[in-house]
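# Structure assessment
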Amino acid sequence: MTKLALLPRAGATPWEDVAADKLISGTPKVRTIVLYENSARGLAAGEWEASPGKWRIAYTEWEYVEIISGACVVEGDDGRRIEAGPGDKFVIEPGFTGTWEVLSPLRKSWVVHE
């Protein structure tokens, strides 16, 4: 039997600073809105927003990303680079390390699998 989950509308959540030990440039603020979570299966989905800046990232999970608005560059330590804007979709795999740079205020939808 297939189950459906209607995602609730996103409410406002507090903006947070990017951790100082990860920050490369700017004074970016981020917020995560979790719309769905199934911890037993390691799944979560939602939206994420960020203001301009650049910081280090290290993934232990799979993440599917769809950019809703704004622009960003995700660059791996291995030289892989994604420049993304509205409508662009990509996947970040576990073990990926590099930088996330927000060029203009960004909003994305995401699905994470741990």
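Below is a short write-up of the structure. (Residues numbered from 1 in each chain as written. Predicted model: local features only at pLDDT ≥ 70, side-chain atom pairs only at ≥ 80, totals over all residues. Heavy atoms only, no water.)

This part is about the pattern of salt bridges. Under the criterion given, the structure shown has nine salt bridges. The residue Lys-29 makes a salt bridge to Asp-17 at a minimum N-O spacing of 2.4 Å. Here Asp-17 lies in strand β1 (residues 16–17) and Lys-29 lies in strand β3 (residues 29–38), a separation of twelve residues in the sequence. According to the relative accessible area criterion, Asp-17 is exposed, its value standing at 51%. (Salt bridge = Lys/Arg side-chain N within 4 Å of Asp/Glu carboxyl O. Helix = DSSP H or I, 4+ residues; strand = E, 2+ residues; numbered from the N terminus. Buried < 20%, exposed > 50% of the residue type's maximum accessible area, 1.4 Å probe, protein only.)

This next bit is on the packing of aromatic side chains. On inspection of all chains with the given rule, the structure shows three aromatic pairs. Following the ring pairs from residue to residue traces out a cluster consisting of Trp-48, Trp-55, Phe-90 and Trp-100. Cation over ring: Lys-108 sits above Trp-48, and NZ or CZ is 4.6 Å from the ring centre. (Phe/Tyr/Trp six-rings, centres within 6.5 Å; stacked < 30°, edge-to-face > 60°. Lys NZ or Arg CZ within 6 Å of the ring centre and 35° of its normal.)

Residues Trp-62, Tyr-64, Val-91 and Val-111 make up a contiguous nonpolar surface patch of about 350 Å² in total accessible area. Its location among the elements puts Trp-62 in strand β6 (residues 62–76). (Patch = residues over 30% accessible without salt bridge, like charges linked within 9 Å, V, L, I, M, F, W, Y side chains within 5 Å. Areas by Shrake-Rupley, 256 points an atom, 1.4 Å probe, with all protein chains shown as cover.)

Considering the arrangement of structural elements, one finds Thr-97 in strand β9 (residues 97–113). On a C-alpha basis, the gap between Thr-97 and Asp-77 in space is 5.9 Å, while along the polypeptide they are 20 residues apart. With near-sequence residues (within four places) excluded, Thr-97 lies in contact with Arg-56, Ile-57, Ala-58, Glu-75, Gly-76 and Asp-77. Within the local environment of Thr-97, its side chain forms a polar contact with the side chain of Asp-77, the two groups lying 2.8 Å apart. (Contact = heavy atoms within 4.5 Å. Polar contact = N/O pair within 3.5 Å; in protein donor to acceptor, adjacent residues only side chain to side chain.)

Another point: the nonpolar core. Generally speaking, soluble globular proteins have nonpolar side chains that are buried together. Core analysis: the biggest nonpolar cluster contains 21 residues, and Trp-48, Trp-55, Val-74, Phe-90 and Trp-100 have the highest contact counts within it. The greatest single-element share of this core, amounting to five residues, is contributed by β9. Residues contacting Val-74, with those up to four places away along its chain left out, are Ile-57, Arg-80, Arg-81, Ile-82, Phe-90, Ile-92, Phe-96, Thr-99 and Trp-100. (Core = buried A, V, L, I, M, F, W, Y, C linked by side-chain atoms within 4.5 Å.)

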